[in-house]
Amino acid sequence: MKNYDYDLIVIGAGSGGVRASRLAAGYGAKVAIIEESRYGGTCVIRGCVPKKILVYGSMFASSIEDSRGFGWSLTSSKHNWESLIGAKDKELDRLENIYINMLKNAGVDLIAGQAKVCSENIVEVKGRKYSASKILIAVGGKPFIPDFPGKEFVITSNEALDLKACPKNIIIVGGGYIALEFAGIFNSLGAKVDIVLRSNKVLTGFDLDIRDTITSELNKRGILIHNNQSIKSLEKNKNGQLKLELSRTTLISEKVMFATGRKPNTCGLGIKEVGVNLDKNGAVLVDAMNCSSIKSIFAIGDVTDRINLTPVAINEGRVFAETFYNKNPLRLDYDNIASAVFSQPQIATVGLTEEQARIDFELDIYFSRFNPMKNTISGRNEPTMMKIIVDKKTDKVLGCHMVGDDAAEIIQGIAIALKCGATKKQFDETVGIHPTSAEEFVTMRQIKS
Ligand code: NDP
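Peer 1: Looking at this model, I keep getting lost on the site of the ligand. Mind explaining?
Peer 2: Inspection of the region around the ligand gives 19 residues, with Gly175, Ile178, Arg198, Thr204 and Ala340 positioned closest. Ser199 is positioned such that a nitrogen or oxygen atom in its side chain is 3.3 Å from an oxygen atom of the ligand. Between the ligand and the protein, one listed contact pairs an oxygen atom with a backbone N or O atom of Asn308 at 2.9 Å. A total of 910 Å² of accessible area belongs to the ligand in isolation, and the protein chains cover 76% of it. If you tally residues by element for the shell around the ligand, the top one is helix α6 (residues 177–188), at 3 residues. Across the shell around the ligand, the residue classes tally to 7 nonpolar, 8 polar and 4 charged.

Below, the structure written as structure tokens:
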């Protein structure tokens, strides 16, 4: 047995890397974690957490509007962007400290700097070499911006979270999770928002009814969606305004944000050079045990470009540590992983879309669009949409989809039912909580014709 400095070196202190390190150290492994930036990774520092704080901050705009129907008359409701960003930054500092302390308390060595993998068991940081029996790559991803003239003027979600002021107008290119979440934030805080798509609908891969419902709701909130556009160029005028030349129109705005997907962070990491197989986007190719083509090098989280969600990375970290440091071989089940888009209104989904399910099953579709109780008094014209996809033959629920208030909170519970293989009959036998929107999921009886 060779004498290594560590049993495990983890590169990247985001959600997946931190979970794997802490657990492995807890099981007695000698662990080091290397981080070049802040502890917490995309989720805590540049993604889920700061984004959700801004979503919460911006959602008060509709609450204030809605409150009028309930007898409130607020004379002033001016928003202070700087104060929201300050509160967000303070919370990120608090969380980062918690991450650092958790790692230290678990006995993990913290190494600051950029890691370069030099061989299958050696990692170099700031000229110093560290050896380990296993190396775990958990470096996540970063925003991808396609090439075009003027690309240097755009911002991504990284910068959007730290703007000095809320823009009066913003163009958002892309129609995925990040685009819709930021469109909601800026729109609710009073900015004029234009969304630019290369295709004809937002949220590729989501259920068609979700895509159509959210499009209609975004339009109602004043967000303009420009479909089927390709990017020609971006110029900055003398007055600082940005002119975005598209294939079928030209848009002018104070800010242009690209939310056109993310790329694995493997460039410069040295893993390709030591023989780790990557896909064409730079993602580490791994087997079900998270092992790469080199048997001492593993990868988890967004850098593997499987399902790029924080809880997935955390669970991949857990499975890795259990398997190799607790003699408890586990594999993550990737079926029925729920996810949410924190757009306004919110979207959440679990299981198959109708389009996916039709390939293998004969279906009963249950569909409901209704005015949630709060809206009857507030006067808000924003119906909630719910959909249940059922295998006609077995009665098993294959997918549930929702657009509306609290969709993420509701679908998280429904995801447990799907994980347990629930049938529509079991949904029907579940007694609802009244009055809620959620109860619609257990009271839908009409099959969509
Ligand atoms: P997505 O993959 O969700 O969406 C990318 C969007 O950019 C799509 O609309 C895509 O168009 C468009 N696009 C891609 N390339 C180009 C191009 N060259 N020119 C023009 N448009 C382009 O990526 P996001 O950046 O929104 O998010 C990245 C990932 O992060 C998500 O997939 C998700 O896994 C995760 N995430 C999860 C969140 C959550 O759980 N709430 C929140 C934020 C991110 P088309 O549809 O035509 O392909």
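Let us keep going from here.
Peer 1: How should I be thinking about the packing of aromatic side chains in this particular structure?
Peer 2: Considering all chains together, one arrives at 8 aromatic pairs under this definition. Ring geometry for Trp81 against Phe186: centres 6.1 Å apart, planes inclined by 25°, an arrangement best described as stacked. Of this pair, Trp81 sits in helix α4 (residues 81–105) while Phe186 sits in helix α6, and the two are 105 residues apart along the sequence. Relative to Phe324, the ring of Phe320 lies with its centre 5.2 Å away and its plane at 50°, an arrangement referred to as tilted. Of this pair, Phe320 and Phe324 both sit in helix α8 (residues 310–325), 4 residues apart, roughly one helical turn. Since its relative accessible area comes to 1%, Phe320 is described here as buried. A residue is classified by how much of its surface remains accessible, and Phe324, at 28% relative accessible area, is partly exposed. Among the aromatic residues, those joined into a ring-pair cluster are Phe298, Phe320, Phe324 and Tyr325.

Peer 1: Help me understand the nonpolar core in this model?
Peer 2: For soluble globular proteins, nonpolar side chains are generally found buried alongside one another. Counting 60 residues, the largest nonpolar core has Ile172, Phe186, Cys400 and Phe441 as the members making the most contacts within it. Broken down by element, this core gets its largest block of residues, 7 residues, from helix α11 (residues 407–419). Excluding residues that lie within four positions of it along the chain, Ile172 makes contacts with Ala179, Phe182, Ala183, Phe186, Val193, Asp194, Ile195, Val196, Met257 and Ala259. Membership of the second largest hydrophobic core comes to 26 residues, among which are Val18, Val108, Phe298 and Ala321.

Peer 1: Just to check I follow, could you spell out the pairing of strand β11 (residues 231–236) for this structure?
Peer 2: Regular strands place their side chains on alternate faces of the sheet. Sheet analysis places β11 next to strand β12 (residues 242–246), joined by 5 bridges and oriented antiparallel. From the neighbouring strand, Ser233 faces β12, where its bridge partner is Glu245.

Peer 1: When you look at the pairing of strand β19 (residues 363–370) in this model, what are you seeing that I'm missing?
Peer 2: Counting buried residues along β19, 6 of its 8 residues qualify, which places the element largely inside the surrounding structure. Note: β19 against strand β20 (residues 384–391), 8 bridges, orientation antiparallel. Across the sheet, the residue bridging to Tyr366 is Ile388, located in β20.

Peer 1: I would appreciate a short explanation of the packing of helix α3 (residues 48–67) against α6 in the present structure.
Peer 2: Any two packed helices are characterised by the angle at which their axes cross and by the distance between the axes. Running from amino to carboxyl end, α3 crosses α6 at an angle of 40°, the nearest separation of the two axes being 8 Å. Classified by the angle between their axes, α3 and α6 sit oblique to one another. Between α3 and α6 lies a crossing whose hand is left-handed. Judged by residue contacts, Lys51, Leu54, Val55, Ser58 and Ala61 of α3 engage Glu181, Phe182, Gly184, Ile185 and Ser188 from α6. Split by residue class, the contact of α3 with α6 holds 5 nonpolar, 3 polar and 2 charged.

Peer 1: Explain the side chain of Thr213 here, please?
Peer 2: Within the secondary structure, Thr213 sits in helix α7 (residues 208–220). Using a relative accessible area of 3% as the deciding quantity, one classes Thr213 as buried. Within the local environment of Thr213, its side chain forms a polar contact with the side chain of Arg369, the two groups lying 3.4 Å apart.

Peer 1: What should I look at first to understand the state of the cysteines in this one?
Peer 2: Enumeration according to the criterion identifies 0 disulfides in this entry. Here Cys420 is not cross-linked by a disulfide; its sulfur's nearest cysteine counterpart is in Cys400, at 13 Å.

Peer 1: Would you explain the sheet that holds strand β14 (residues 255–258) in this entry?
Peer 2: Within a sheet, adjacent strands bond to each other through the backbone by hydrogen bonds, running parallel or antiparallel. If you trace the 4 strands from one edge of the open sheet to the other, you get β10-β9-β8-β14, paired in parallel fashion. One side of each edge strand has no neighbouring strand; the edge strands of this open sheet are β10 (224–226) and β14. Averaged over all neighbouring strand pairs, the angle between strand axes comes to 20°, with direction disregarded. Note that strand β8 (residues 169–173) and β14 share 4 bridges and pair parallel. Of the residues in β14, the one forming a bridge with Ile171 is Val256.

Peer 1: Please explain the sheet that holds β11 as it appears in this structure.
Peer 2: The strand order β11-β12-β13 describes an open sheet built from 3 strands, whose pairing is antiparallel. Whereas interior strands pair on both sides, the edge strands pair on one side only; in this sheet they are β11 and β13 (250–253). The average undirected angle you get between the axes of adjacent strands in this sheet is 15°.

Peer 1: How do you make sense of the environment of Gly141 when you look at a structure like this?
Peer 2: For Gly141, the position within the fold is in strand β7 (residues 141–143). Each C-alpha atom, one on Gly141 and one on Gly261, is 9.7 Å from the other, the two residues being 120 residues apart in sequence. With sequence-adjacent residues up to four places away left out, Gly141 is seen in contact with Thr42, Arg262, Lys263, Pro264, Asn265 and Asp302.

Peer 1: Sorry, what's going on with the environment of Thr204 here?
Peer 2: One can find Thr204 in the loop between β9 (192–196) and α7. Sequence separation of Thr204 and Gly140 is 64 residues, and the distance between their C-alpha atoms is 22 Å.

Peer 1: I'm lost on the pattern of salt bridges in this one. Help?
Peer 2: Summed over all chains, the structure comprises 25 salt bridges. One salt bridge in this structure joins Asp428 and Lys424, with 2.6 Å as the shortest N-O distance. Remark: Lys424 and Asp428 occur in helix α12 (residues 424–429); sequence separation between them is 4 residues, near one turn of the helix. According to the relative accessible area criterion, Asp428 is partly exposed, its value standing at 25%.

Cut-offs and rules
- Residues numbered from 1 in each chain as written.
- Predicted model: local features only at pLDDT ≥ 70, side-chain atom pairs only at ≥ 80, totals over all residues.
- Heavy atoms only, no water.
- Near = heavy atom within 4 Å.
- Polar contact = N/O pair within 3.5 Å; in protein donor to acceptor, adjacent residues only side chain to side chain.
- Areas by Shrake-Rupley, 256 points an atom, 1.4 Å probe, with all protein chains shown as cover.
- Helix = DSSP H or I, 4+ residues; strand = E, 2+ residues; numbered from the N terminus.
- Nonpolar A, V, L, I, M, F, W, Y, C, P; charged D, E, K, R; others polar.
- Phe/Tyr/Trp six-rings, centres within 6.5 Å; stacked < 30°, edge-to-face > 60°.
- Buried < 20%, exposed > 50% of the residue type's maximum accessible area, 1.4 Å probe, protein only.
- Core = buried A, V, L, I, M, F, W, Y, C linked by side-chain atoms within 4.5 Å.
- Contact = heavy atoms within 4.5 Å.
- Pairing = 2+ DSSP bridges.
- Axes fitted to C-alpha atoms, helices over the stretch in contact; angles between N-to-C directions.
- Parallel < 35°, antiparallel > 145°, perpendicular 65-115°, else oblique.
- Left-handed = near helix turned anticlockwise from the far one by under 90°.
- Disulfide = S-S within 2.5 Å.
- Salt bridge = Lys/Arg side-chain N within 4 Å of Asp/Glu carboxyl O.

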